[in-house]
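Commentary on secondary and tertiary structure
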Amino acid sequence: MAAPKVAVVGAGVVGLSTALSVAGAFPACSLALLAERFSPGTTSDVAAGMLIPHAAPDTPIHVQKQWFRETFTYLFAISNSAEASEAGVHLVSGWQVFKSAPEEDLPFWSDVVLGFRTMSEAELQKFPQHRYGQAFMTLKCDCPPYLLWMEKRLKAKGVQMCTRKVASLWELHSEYDIVVNCAGLGARRLVGDQQLLPVRGQVLQVHAPWVKNFIRDGDGLTYIYPGINSVTLGGTREKESWSLCPDPGTAKGIFGRCCSLEPSLRAARDVKVKVGLRPSRGSVRLQREVWSQAGAKILVVHNYGHGSGGFSMHWGTAKEAARLVGECIALLQGSSSRAKL
Ligand code: FAD
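Residues numbered from 1 in each chain as written. Predicted model: local features only at pLDDT ≥ 70, side-chain atom pairs only at ≥ 80, totals over all residues. Heavy atoms only, no water.

**Examining the overall build of the chain**
How we decide: Runs of E in the DSSP output that reach at least two residues are strands. Runs of H or I that reach at least four are helices, and both are numbered from the N terminus. Atoms counted for the radius of gyration: C-alpha only. Globule rule: 2.2 Å times residue count to the power 0.38. For every residue, the accessible area (1.4 Å probe, protein chains only) is compared with the maximum for its type, and the residue is labelled buried under 20%, exposed over 50%, or partly exposed between those bounds. Should any heavy atoms of two residues lie within 4.5 Å, those residues are considered in contact. Residue burial considers only the protein chains on display, and all accessible areas are found by Shrake-Rupley using a 1.4 Å probe.
Regarding its fold elements, the chain presents nine helices and 15 strands. On C-alpha atoms alone, the chain measures out to a radius of gyration of 21 Å, which is about the 20 Å that the 2.2 N^0.38 rule sets for 341 residues. With the C-alpha coordinates of the chain rotated into their principal frame, the extents come out at 75 × 40 × 40 Å. Across the 341 residues of the chain, 53% fall into the buried class. Partitioning the contacts of the chain with sequence separation of at least 6, the portion at a separation of at least 24 is 75%. Total accessible area on the chain is roughly 15300 Å²; 53% of this is exposed by carbon and sulfur atoms.

Below is the structure:
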């Protein structure tokens, strides 16, 4: 049979990494990436890009841990390569602090990040309002550079990149054999998934190059994540809010909360406000389907619904999506050899 034609829909962290994973696993495929918006216009551009997972309620923890481990291992190798600066991937050390000791003292990802340990009393003196803390080293992606680096790698592999809004995956059936749905929150309309809901996040980006360590309140709401060129201050988590308008009162609140964790931020400059809608679902949808109508068919792989953890999990889920694409290719090859008999 002719080389299968594959389209990946979506150019956020999930679509780009899935396209890279498919291109790596199946170099003979003809691959296109279609998206309504590319960087800097995606939710992935707004993210802080920290590798600290949030557990999704409906996915077994061992599966989430496997996705996180694969992502960490992949990005750690990039951070140790000559590509690190262009890809915007770097190691960062810091602290997660709690006002009272958490119920589970070891998060599921504690043996994936590096050097995880309980903070000493001396270290906790930096945080007078907190009584317990964890110190570790993890990875951070500076999001727009990381997305652009992936786009560059895809173009170098000959993947076609097209700006296109897809109204229905079925509209692609005459052009492609396999469609991979990485549309993030856009999948709600694209495939009518009512389980997929926005969780609005507002963050600030500031110039404060003296801040070198990350600080995260254990409630997950207040965080200070230093990147290569700016520091991200967060945040908010507003379920089912669709507003992309920055709220000045919220921005003031975030700044105040972060300054109470790291008072030197009072001297931060060039404050920019960003808002994004996390594509939240009880579990990431990683699934293969066959769609058929009047004798025509298209094979569909879904990979969306990463919520608060798109950067933390993307390489693990991209590898799983590529495995499902492999199953689709086997199905196509099976039906083409049956047709010849
Ligand atoms: P998106 O980035 O939204 O990409 C979706 C793509 O699909 C876009 O290209 C879009 O144009 C395209 N698309 C949609 N519909 C269509 C259509 N009909 N036709 C064609 N194209 C379409 N995660 C972490 O792991 N670590 C963090 O520190 C972190 N911080 C965050 C901070 C904030 C404030 C926010 C909002 C999120 C944060 N996240 C973080 C979560 C992370 O941003 C998301 O999980 C991730 O960006 C989801 O990526 P995605 O590729 O699925 O979606």
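**What to know about the packing of helix α3 (residues 61-79) against helix α6 (residues 143-156)**
Applied cut-off: Structural elements are reduced to axes, namely lines fitted to C-alpha atoms, with helices fitted over the stretch in contact, and the angle between N-to-C directions of any two is expressed from 0 to 180 degrees. Comment on the angle field: the value is read as roughly parallel under 35 degrees, roughly antiparallel over 145, roughly perpendicular from 65 to 115, and oblique elsewhere. Each residue gets one of three labels, nonpolar for Ala, Val, Leu, Ile, Met, Phe, Trp, Tyr, Cys and Pro, charged for Asp, Glu, Lys and Arg, and polar for the others, Gly among them.
Direction vectors running N to C along α3 and α6 enclose 90°, while the axes themselves pass 14 Å from each other. As judged from the angle between their axes, α3 and α6 are roughly perpendicular. Between α3 and α6, the residues in contact are Tyr-74, Leu-75 and Ile-78 and Tyr-146, Trp-149 and Arg-153, respectively. Residues of the contact of α3 with α6, tallied by class, amount to five nonpolar, no polar and one charged.

**Some thoughts on the nonpolar core**
Cut-off, in case you're wondering: To define a nonpolar core, start from buried Ala, Val, Leu, Ile, Met, Phe, Trp, Tyr and Cys residues and group those joined through side-chain atoms within 4.5 Å.
Counting residues in hydrophobic clusters, the biggest one holds 65 residues, and the most contacted among them are Leu-33, Leu-75 and Tyr-146. Per-element accounting of this core gives the leading share, 11 residues, to helix α9 (residues 310-340). Ignoring anything within four residues of it in the chain, the contact list for Tyr-146 reads Val-13, Tyr-74, Leu-75, Ala-87, Val-89, Cys-141, Phe-311 and His-314. Membership of the second largest hydrophobic core comes to 22 residues, among which are Val-97, Leu-124, Val-211 and Ile-215.

**Remarks on the UniProt feature "domain: FAD dependent oxidoreductase" (unreviewed entry) in the chain**
Operational definition: UniProt positions are given in the numbering used here, feature names are shortened, and annotations may be inferred rather than shown by experiment.
Per the UniProt annotation, the sites labelled "domain: FAD dependent oxidoreductase" (unreviewed entry) are residues 5-324. Spanning residues 5-324, this segment combines 28% helix with 31% strand, and its end C-alpha atoms are found 15 Å apart.

**Observations regarding the site of the ligand**
The test is simple: When at least one non-hydrogen atom of a residue lies within 4 Å of a molecule or strand, that residue is treated as near it. Polar contacts here mean pairs of N or O atoms no more than 3.5 Å apart (in protein, one a potential hydrogen donor and the other a potential acceptor; neighbouring residues in sequence count only if both atoms are side-chain atoms).
Not every one of the 36 residues close to the ligand is listed here, only the nearest: Arg-37, Ser-44, Val-166, Gly-307 and Ser-312. Within the backbone of Ala-48, one N or O atom sits 3.2 Å away from a nitrogen atom of the ligand. Between the ligand and Gly-49 there is a distance of 3.1 Å, counted from an oxygen atom to a backbone nitrogen or oxygen. Burial of the ligand by the protein amounts to 94% of the accessible area it has alone, namely 1000 Å². Those elements that place two or more of their residues in the shell around the ligand are α1 (13-25), α2 (43-46), β8 (197-207), β13 (269-280) and α9. Its residues placed into classes, the shell around the ligand shows 15 nonpolar, 16 polar and five charged.

**Focus on α1**
Because an α-helix completes one turn every 3.6 residues, residues spaced three or four positions apart along the sequence face the same direction. As a reminder of what qualifies: For a helix, the expected span equals 1.5 Å multiplied by the residue count minus one.
Here α1 is 13 residues long and its end C-alpha atoms lie 18 Å apart, about the 18 Å a rise of 1.5 Å per residue gives. A large share of α1 lies buried, amounting to 11 of its 13 residues. Buried within α1 we find Val-13, Val-14, Gly-15, Leu-16, Ser-17, Thr-18, Ala-19, Leu-20, Ser-21, Val-22 and Ala-23.

**Details of the environment of Val-159**
Along the chain, Val-159 turns up in the loop between α6 and β6 (160-163). In this structure the C-alpha to C-alpha distance between Val-159 and Ala-101, which are 58 residues apart in sequence, comes to 49 Å. Each residue touching Val-159, except ones within four places of it in the same chain, is listed here: Leu-31, Ala-32, Leu-33 and Leu-154.

**Describing unusual backbone geometry**
Most peptide bonds adopt trans geometry, and most residues besides glycine take a negative phi value. With an omega of 15°, the peptide bond running from Ser-39 to Pro-40 counts as cis. Along the chain, Pro-40 turns up in the loop between β2 (30-35) and α2. Residue Gly-235 is reached from Gly-234 by a cis peptide bond, and omega for that bond is -5°. Relative to the assigned elements, Gly-235 resides in the loop between β11 (231-234) and β12 (238-239). Phi is positive for Asp-270, close to 50°, though the residue is something other than glycine. As for its position among the elements, Asp-270 is in strand β13.

**A closer look at the packing of α1 against α6**
The following threshold applies: Handedness of a crossing is defined here by the sense of rotation of the near helix relative to the far one, left-handed for an anticlockwise turn of less than a right angle and right-handed for a clockwise turn.
Contact geometry for α1 and α6: axes closest at 10 Å, N-to-C directions at 30°. Of the possible angle classes, the one that applies to α1 and α6 is roughly parallel. The interaxial crossing formed by α1 with α6 has left-handed handedness. Of α6, the residues touching α1 (which contributes Val-13, Leu-16, Ser-17, Ala-19 and Leu-20) are Tyr-146, Leu-147, Met-150, Glu-151, Arg-153 and Leu-154. The residue inventory of the contact of α1 with α6, partitioned by class, reads eight nonpolar, one polar and two charged.

**Comments concerning the environment of Leu-185**
Structurally, Leu-185 can be placed in the loop between β7 (178-181) and α7 (187-190). For Leu-185, the contacting residues outside a window of four places in its chain are Leu-196, Leu-197, Pro-198, Trp-242, Leu-277 and Pro-279.

**A short note on the pattern of salt bridges**
Pairs can form between side chains of opposite charge once their charged atoms are near each other. This is how the line gets drawn: By definition, a salt bridge exists where a carboxyl oxygen of Asp or Glu is found within 4 Å of a side-chain nitrogen of Lys or Arg.
Counting across every chain of the model gives 16 salt bridges. Among the ionic pairs, Asp-111 bridges to Lys-65, the shortest N-O distance being 2.8 Å. Here Asp-111, found in the loop between β3 (89-98) and β4 (114-118), pairs with Lys-65, found in helix α3; they are 46 residues apart in sequence, far enough to count as distant. Residue classification places Asp-111 among the partly exposed residues on the basis of a relative accessible area of 48%. Of the charged contacts, one joins Glu-175 and Arg-164 as a salt bridge, the two residues approaching to 3.1 Å between their closest N and O atoms. Of the two residues, Glu-175 sits in the loop between β6 and β7 while Arg-164 sits in the loop between β6 and β7, which places them 11 residues apart along the sequence.

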